[in-house]
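Working through the structure, step by step
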Amino acid sequence: MQRRNMRERQLLIIGGGLAGCEAAWQAACRGVAVTLCEMKPKRFSAAHCSPLLGELVCSNSFKSEALETGPGLLKEELRRLGSLIIQAADQSRVPAGSALAVDREVFARLITEALEKRPEIEITREEVTSIPEQGMVIIATGPLTSDAFAQAIMELTRRLLAFYDAISPIVAADSIDFAIAFKGSRYGKGGADYVNCPMNREEYYRFVKAVREGQKVPLHAFEGAVPFEGCLPIEDLAERGADTLAFGPMKPVGLIDPRTGEQPFAVVQLRQENREGTLYNIVGFQTKLTYTEQERIFRLIPGLERAEFVRHGSLHRNTFIDAPRLLRGTLQLKADPRIFFAGQLTGIEGYMESTAMGFLAGVNAARLLTGQEIILPPRTTAVGALVGHITNRFARDYQPMNVNFGLLPPLGGREGRMEKRQHMADRALRDLTAWKEAIA
Ligand SMILES: Cc1cc2nc3c(=O)[nH]c(=O)nc-3n(C[C@H](O)[C@H](O)[C@H](O)COP(=O)(O)OP(=O)(O)OC[C@H]3O[C@@H](n4cnc5c(N)ncnc54)[C@H](O)[C@@H]3O)c2cc1C
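Rules used in this analysis
- Residues numbered from 1 in each chain as written.
- Predicted model: local features only at pLDDT ≥ 70, side-chain atom pairs only at ≥ 80, totals over all residues.
- Heavy atoms only, no water.
- Pairing = 2+ DSSP bridges.
- Helix = DSSP H or I, 4+ residues; strand = E, 2+ residues; numbered from the N terminus.
- Contact = heavy atoms within 4.5 Å.
- Axes fitted to C-alpha atoms, helices over the stretch in contact; angles between N-to-C directions.
- Domains from an automatic or database assignment.
- Buried area = accessible area lost by both parts, 1.4 Å probe.
- Salt bridge = Lys/Arg side-chain N within 4 Å of Asp/Glu carboxyl O.
- Polar contact = N/O pair within 3.5 Å; in protein donor to acceptor, adjacent residues only side chain to side chain.
- Nonpolar A, V, L, I, M, F, W, Y, C, P; charged D, E, K, R; others polar.
- Near = heavy atom within 4 Å.
- Areas by Shrake-Rupley, 256 points an atom, 1.4 Å probe, with all protein chains shown as cover.
- Buried < 20%, exposed > 50% of the residue type's maximum accessible area, 1.4 Å probe, protein only.
- Phe/Tyr/Trp six-rings, centres within 6.5 Å; stacked < 30°, edge-to-face > 60°.
- Lys NZ or Arg CZ within 6 Å of the ring centre and 35° of its normal.

1. Structural notes on the sheet that holds strand 11 (residues 194-199)
- Reading across from one edge, 10-11-12-13-9-14 is the order of the 6 strands in this open sheet, with antiparallel pairing throughout. Of all strands in the sheet, those bounded by a partner on one side alone are strand 10 (182-183) and strand 14 (309-311).
- With 2 bridges connecting them, strand 10 and strand 11 associate as antiparallel partners. Along strand 11, the bridge assignment pairs Phe182 with Asn196.
- Packed on one face of the sheet, helix 7 (residues 201-213) meets strand 11 and strand 12 (266-272) and runs near 95° to strand 11.

Here it is as structure tokens:
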């Protein structure tokens, strides 16, 4: 009888990466029978090489542990929620200062063994090439989803699927110097929608020289050349000629600097990224400059000298769906609610962010299968803030995002940034406790 009940509560999870493993663990802990389908070792993506589940394809770091940082808060929330991935990370940690870094082999082995031991979980090693027509499914095949399955997702989502990130950096609004930067749109059309950082001739050419000479990240062999002229990196534009940027993304036409009453020589424009106005992206600044170089060179821009970069620019192979148009906040496909998406496919970026979306999909699918109501995480938590990003219909051009404090609802008051962050972290962990009890 118990076996029959288990079979009725059957969940198929496709992809045994961080999101799929976390989802499988959460669903199994809630009494659901899970089939976890992973294509390795029969088939490897261009970046995966271990037969183990939960493989880290690049860095072995999960970033800062400090609660006043997005990654630190998210890890603490996952720890309190009983995440398998964070438990394995804590058990396999290696010294890394204030960051949480792991021995990747030990980490993946702990995850694989934990899942293999669960009687509710069956692990199959096959590539899935089509969307299952029946039953509850979580799709967690990640940024390097196999080609055949990516094609199936494309058909399911009616082409709302991207294969590249060509993303510009995002800065925290409260780190922009508004004594220099000014709000306004070209020729006054569109009101004060943009933040403009004006440059004189000398500042512009110094900036172009720094971009040309800055250190770039080489493309991986599997990434090939990025094909679209519309998302060329700024360093490629700078290489075409010293004035190319001033006639492209940095053109000053239609903008008057209120401090001088004149049109600047060049302008860097920033566009509001979220409804709250806490984040701004640097328009047209997709780049392959290394993260350290982005911070050094983009802080040469007047008004951004002390900018906090909550997301760096990049161009790389990725696979993600247009979640704001396709998903509910529960991570269910609007058009077919028996299908969940999890992990990097939802348009978040990073190991822990993918884990968090695996957690949510696993819990929600299990609750549906066991006849319980789905409860969304509070927006004030880091997990809830990521859901806010996924469902952010305000973003015109949906692009992946790491967790950061700019995604959390801001706090009023006159305190400094660090004090505010401490209060936001306290609020997040307080609100998380109530949600955790509700989904137990
Ligand atoms: C080259 C590269 C470097 C990265 N470096 C970092 C980094 O340093 N730090 C960071 O935080 N993030 C990094 N990321 C992002 C990172 O991949 C994600 O943050 C995270 O691993 C995504 O988790 P996921 O579970 O969504 O996907 P994954 O961890 O990639 O797991 C997906 C799993 O699905 C399997 N799969 C794919 N297709 C199928 C199929 N058709 N059938 C069955 N199984 C399938 C894959 O084999 C894989 O095991 C990097 C990504 C790439 C591509």
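Here the narrative resumes.
2. Thoughts on the domain arrangement of the chain
- In terms of domain boundaries, the chain breaks down into domain 1 (2-165 + 317-439) and domain 2 (170-312).
- Relative placement of domain 1 and domain 2: their C-alpha centres are 32 Å apart.
- On the side of domain 2, 21 residues touch domain 1, which itself brings 18 residues to the contact.
- Between domain 1 and domain 2 lies a buried interface of about 1,700 Å² when both sides are counted; carbon and sulfur atoms form 57% of it.
- It is Tyr164, Phe394 and Arg417 that lose the most area in domain 1 upon contact with domain 2, and together they represent 33% of the buried surface on that side.
- Linking domain 1 to domain 2 there are 1 salt bridge.
- Among the ionic pairs, Glu308 bridges to Arg421, the shortest N-O distance being 2.8 Å.
- Between domain 1 and domain 2 we count 5 residue pairs in polar contact (both at pLDDT 80 or more) in total.
- Each residue belonging to the side of domain 1 that touches domain 2 can be placed in one class, and the counts come to 9 nonpolar, 4 polar and 5 charged.

3. Description of the site of the ligand
- The environment of the ligand is formed by 31 residues, the closest being Glu38, Val128, Gln344, Gly350 and Tyr351.
- At 3.2 Å, a backbone N or O of Leu18 approaches an oxygen atom of the ligand.
- Between Val128 and the ligand, the recorded distance is 2.9 Å, taken from a backbone N or O atom to a nitrogen atom.
- Protein contact buries 92% of the 980 Å² of open area that the ligand shows by itself.

4. Concerning the pairing of strand 15 (residues 314-321)
- Taken across its 8 residues, strand 15 has 8 buried, putting it largely inside the fold.
- Here strand 8 (residues 161-167) pairs with strand 15 via 6 bridges, running antiparallel. Counted as the bridge partner of Tyr164 is Arg317 from strand 15.

5. Examining the packing of aromatic side chains
- Using the criterion set out here, one finds 11 aromatic pairs in the structure.
- Ring geometry for Phe207 against Phe298: centres 6.3 Å apart, planes inclined by 40°, an arrangement best described as tilted. With Phe207 in helix 7 and Phe298 in helix 10 (residues 291-298), the pair connects residues that are 91 residues apart, well separated along the chain.
- Of the aromatic side chains, those joined through ring pairs into one cluster are Phe207, Phe285, Phe298 and Phe309.
- One cation-aromatic arrangement involves Arg118 over Trp25; the distance from NZ or CZ to the ring centre is 5.1 Å.

6. A word on unusual backbone geometry
- Pro41 follows Lys40 through a cis peptide bond whose omega is 0°.
- Within the secondary structure, Pro41 sits in the loop between strand 2 (33-37) and strand 3 (61-64).
- Phi angles above zero are rare outside glycine, and Lys63 is one such case at about 70°.
- Checked against the element boundaries, Lys63 lands in strand 3.
- We note that Leu331 has phi near 80°; this positive angle belongs to a residue other than glycine.
- Within the element layout of this structure, Leu331 appears in the loop between helix 11 (323-326) and strand 16 (332-333).

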